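Results of the structural survey
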Amino acid sequence: MQILSGSPRLLRNLNEKAVLQRLLSEGSLTRMELEAFTGLSKPAMSDLLRRLESANLIRRDGEKAGTYGPKAGLWSLEPRSGFVAGIAVGSHRIDAAISDITRNTIASFRHAAEPGDRYDAHERLTSVLDSVTREAGITVREIDQLVVGLPGIVDVRAGNLRKGQQLPNWEGYHIPEALEGVLGHRHVLIENDVNLVAIEEMACGAANGVQSFILFWVGDGVGAGVVIGGRLMHGSTGTAGELGGAMVPDRMARPGEPVKMALVEALLDVPAIDALVAAHQLRGPDSVEAIRQAALSDKHPKFFAELGYRVAAALTGAIGILDPEMVVLGGAIGRAGGRALADSVADILKTLPIAIPQIVPTAVSSNAVRAGAVELALEHARERVFTGGSAARGLP
């Protein structure tokens, strides 16, 4: 660890933050292990641990096994030192989860909905918050950070859904401002749902450890999350990744052969996918399951060639401009198509004069929007809790 200089208060805050981050990344550690990491003396580390314990930021966690002589006591983060909530709002349901500071999910709640339902967004959101916090055994005001994921064009600065065809009830609803009286603070972020999936892929999915990638989403809608240099890109107006409005040729054609231009959204929306599945006579209770079964059977190369072209056409411009390391195919269709779809997209891209990234299927769950919301909430809550340290909990 780098030796720092500064005022005693600053050094104390920095040392506390370093210890909290170390306990988060490594798990339970002894006082001596923390001394070796920070370079602090035994008296200084003992005082630091006492302060963090008094502030309910850490706790004693048993003894270290396998040592000779007196057993060394272990210290770990106090899971209840912070709570976050992640909420995914969709046309069919609202999914919510509460996590403690260690990323342990302690409660989840789902509110079913019907597309086209008219309701008051504020009443629905506060009702969901009440239900999930009650399940977690905490109060709403114990939530340190809330992140809400929404489909559509999200204004992350203003805190509202600027345009969302799937969720007209939520357009213009300024969530941070509206929830200040409920939460007691404005530690509230809203984010596009596909961007949250990109965060989850980066944290524990196919893009874990990858610094530059595109998460291409095909499900109820079409969109992309773009990560460059490990940072999520929003663009100047917050619409980065809205590939559904791009114009592309509607089919693969030979040079000079006339083609029609079509919106990516029109080629990959639900009706278009349903029509493609029917045209190739795939069988299943719905299109997603039919595609999943086709991918497992390896008997429908023409279907995957056509679907692969549509996905490749949507991605070509973005790949040429951004030069990502990887493209992750997500959403219900990306998950169902799996490796068969990914290979088909890669085969088509190889015919083009551009650098080809890895094309891989998603590796996160169907709850990835909610999980990504929790991940982003934890990032902000941990920074605030760890930086504030014991001083923010009232210790002098």
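This text goes with the structure placed above it.
Notes on the structure follow. Within any chain, residue numbers begin from 1 and follow the written order of that chain's sequence. Confidence filtering applies because this is a predicted model: local features only for residues at pLDDT of at least 70, side-chain atom pairs given and counted only at 80 or more, and all residues used for totals across whole chains, interfaces and linings. Note that water and hydrogens are dropped before the side-chain values are worked out from all heavy atoms of the structure.

**Remarks on the side chain of Ser-212**
Operational definition: Counting from the N terminus, the helices are the DSSP runs of H or I reaching at least four residues and the strands are the DSSP runs of E reaching at least two. Categorising residues by exposure relies on relative accessible area from a 1.4 Å probe, with only protein chains included: less than 20% of the type maximum marks a residue as buried, more than 50% marks it as exposed, and the intermediate range marks it as partly exposed. Counting of polar contacts relies on pairs of N or O atoms within 3.5 Å, with two restrictions inside protein: one atom must be capable of donating a hydrogen and the other of accepting it, and residues adjacent in sequence are counted only when both atoms are side-chain atoms. Every residue pair with non-hydrogen atoms within 4.5 Å of one another is taken to be in contact.
If you trace the backbone, Ser-212 turns up in the loop between helix H6 (193-204) and strand S11 (213-218). On the basis of relative accessibility, which here comes to 15%, the residue Ser-212 falls in the buried class. Separated by 3.3 Å, the side chain of Ser-212 and the backbone nitrogen of Gly-229 make a polar contact. What Ser-212 contacts, discounting residues up to four positions off in sequence, is Val-227, Ile-228, Gly-229, Pro-324, Glu-325 and Met-326.

**Some words on a nonpolar patch on the surface**
Filter applied, for reference: By definition, no residue in a patch forms a salt bridge, and every one has over 30% relative accessible area; like charges are joined within 9 Å, nonpolar side chains (Val, Leu, Ile, Met, Phe, Trp, Tyr) within 5 Å. Methods summary: accessible areas were calculated by the Shrake-Rupley approach with a probe of 1.4 Å, and residue burial reflects only the protein chains presented. Basic side-chain nitrogens of Lys or Arg form a salt bridge, by our definition, when they fall within 4 Å of a carboxyl oxygen of Asp or Glu.
On the surface, a cluster of nonpolar side chains totalling about 350 Å² of accessible area is made up of Met-247, Val-259, Met-261 and Leu-263. Tracing the backbone shows Val-259 in the loop between strand S14 (247-249) and strand S15 (261-263).

**A short note on the pairing of strand S12 (residues 222-228)**
Condition: Here the rule is simple: two strands pair whenever DSSP picks up at least two bridges between them.
Most of S12 sits inside the fold, with 6 of its 7 residues counted as buried. As judged from the 6 bridges shared by S11 and S12, these two strands associate in the antiparallel manner. By the bridge assignment for S12, Trp-217 is matched with Gly-223. Counting the residues that bridge the hairpin from S11 to S12 gives 3 residues.

**Examining the packing of aromatic side chains**
As a reminder, the rule being used: Centre distance within 6.5 Å is the pairing criterion for rings of Phe, Tyr and Trp, where only the six-membered ring of Trp is used; planes under 30 degrees apart are then read as stacked, over 60 as edge-to-face, and the remainder as tilted. Comment: the charge-over-ring label is applied if NZ (Lys) or CZ (Arg) is within 6 Å of the ring centre and within 35 degrees of the ring normal.
Inspection of the entire model under this criterion finds 2 aromatic pairs. Geometrically, the ring pair formed by Trp-170 and Tyr-173 is tilted, given 5.8 Å between the ring centres and 55 degrees between the ring planes. Taken together, a centroid distance of 5.1 Å and an interplanar angle of 80 degrees make the contact between Phe-303 and Phe-304 edge-to-face. By the burial criterion, Phe-303 is buried, and Phe-304 matches it. Over the ring of Tyr-119 we find Arg-124, and its NZ or CZ is 3.9 Å from the ring centre.

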